[in-house]
Amino acid sequence: MNQERKQIDRRRRPTPLLSLHWLRGRRRVIRRAEESTHGYYVDRYRRGEWALVIGILLLSSADLILTMVHLSAGGREANPVMALALEQSEFTFIFVKLATTVLGLMILLTHVRFRRVRPMLSTVCALYCLVIVYHILLRTGSI
């Protein structure tokens, strides 16, 4: 007995932002040329994309630790938003710092196959490297 399919062809629409197949799905690259005009979502990310995200997370954590050392030595927080969080408590400061970093990285990783996002990740990584150099120069008294 041959029954007609009643389901809508799933391939008629692009992969959604939050796919149920995240980390288990197979989609790593684009399959149809018409999807490439603005960008596309994938289920799996490349090693280089993960390396950038993990690198930024590690650099952000180093920035947090070095900032706490700087603050304990009598320094002040230069970022006004983070200074406001620090006025609340150290816990609030740490939570806001890590939460904004993780949330931002999740959004960027999800959109990594969209135009300008990968260069944006590289730029964020480079900026965090400069922030770490700045902390080192502060610590050594060069600034």
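Just so it is clear, the model here is predicted, and its values are computed rather than measured.

Caption draft 1: Main features of the packing of helix H3 (residues 90-110) against helix H4 (residues 117-140). One way to put it is that H3 packs onto H4 with a least axis distance of 10 Å and a crossing angle of 150 degrees. Put simply, H3 runs roughly antiparallel to H4. Where H3 abuts H4, its residues Lys97, Thr101, Leu105 and Leu108 lie against Val117, Met120, Leu121 and Tyr128. In terms of residue class, the contact of H3 with H4 is built from six nonpolar, one polar and one charged.

Caption draft 2: Region of interest: the packing of aromatic side chains. In this structure the tally under the stated criterion is two aromatic pairs. Ring geometry for Tyr45 versus Trp50: centroids 5.8 Å apart, planes at 85 degrees, classification edge-to-face. Overall, the relative accessible area of 9% leaves Tyr45 in the buried class. Seen in terms of ring centroids, Phe91 and Phe95 are 6.3 Å apart; in terms of plane orientation they differ by 20 degrees. Their pairing is stacked. Here the residue Phe91 and the residue Phe95 both occupy positions in helix H3, the gap between them amounting to four residues, near one helical turn. The same class applies to Phe91 and to Phe95, which are both exposed.

Caption draft 3: Broad picture of the side chain of Thr110. Its place among the elements puts Thr110 in helix H3. Of the polar contacts made by the side chain of Thr110, one reaches the backbone oxygen of Met106; its length is 2.7 Å.

How each quantity is defined
- Residues numbered from 1 in each chain as written.
- Predicted model: local features only at pLDDT ≥ 70, side-chain atom pairs only at ≥ 80, totals over all residues.
- Heavy atoms only, no water.
- Axes fitted to C-alpha atoms, helices over the stretch in contact; angles between N-to-C directions.
- Helix = DSSP H or I, 4+ residues; strand = E, 2+ residues; numbered from the N terminus.
- Parallel < 35°, antiparallel > 145°, perpendicular 65-115°, else oblique.
- Contact = heavy atoms within 4.5 Å.
- Nonpolar A, V, L, I, M, F, W, Y, C, P; charged D, E, K, R; others polar.
- Phe/Tyr/Trp six-rings, centres within 6.5 Å; stacked < 30°, edge-to-face > 60°.
- Buried < 20%, exposed > 50% of the residue type's maximum accessible area, 1.4 Å probe, protein only.
- Polar contact = N/O pair within 3.5 Å; in protein donor to acceptor, adjacent residues only side chain to side chain.

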